[in-house]
Amino acid sequence: MEPIRIEHEDIKKAIQSGHSYIQVGKRKFLLLEVEEVSNSDCYEVTDPEEEKQLMAALNENNPILSEEEIKMILEN
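Model, not experiment: these values are computed from the prediction. (Residues numbered from 1 in each chain as written. Predicted model: local features only at pLDDT ≥ 70, side-chain atom pairs only at ≥ 80, totals over all residues. Heavy atoms only, no water.)

All chains considered together, the criterion is met by one salt bridge. Here Glu9 ties to Lys12 by a salt bridge, and the two come within 3.6 Å at their closest N and O atoms. Of this pair, Glu9 and Lys12 both sit in helix α1 (residues 9-15), three residues apart, which is roughly one turn of that helix. Judged by relative accessible area, Glu9 falls into the partly exposed class, the value being 47%. Given the relative accessible area of 25%, Lys12 is considered partly exposed. (Salt bridge = Lys/Arg side-chain N within 4 Å of Asp/Glu carboxyl O. Helix = DSSP H or I, 4+ residues; strand = E, 2+ residues; numbered from the N terminus. Buried < 20%, exposed > 50% of the residue type's maximum accessible area, 1.4 Å probe, protein only.)

The next thing to look at is helix α2 (residues 48-58). The opening residue of α2 is Asp47, an N-cap whose side-chain oxygen sits 3.2 Å from the backbone nitrogen of Glu49. Directly after α2, the chain includes Glu60, whose backbone phi takes a positive value near 70°. (Polar contact = N/O pair within 3.5 Å; in protein donor to acceptor, adjacent residues only side chain to side chain.)

Looking now at a nonpolar patch on the surface. Taken together, Ile4, Ile6, Ile11 and Ile15 make up a surface patch of nonpolar side chains, about 360 Å² in accessible area. Note that Ile6 resides in the segment before α1. (Patch = residues over 30% accessible without salt bridge, like charges linked within 9 Å, V, L, I, M, F, W, Y side chains within 5 Å. Areas by Shrake-Rupley, 256 points an atom, 1.4 Å probe, with all protein chains shown as cover.)

Next comes the structure, spelled out in structure tokens:
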């Protein structure tokens, strides 16, 4: 996985604004800061709480949320 380097100052400010996602046209992209990325194109979970939440979701404890509920979560 190769990183995309962002040099445009306005784009950098948007990414670093603290918002959870950015929107380009009609598409929304989740912003997720990672400490390290391997060359395997896989994201390795290193945070125990994040691992717990992901495992719960994989074990079908993954309720369907409305768009409004998702928006509220992302904005907090």
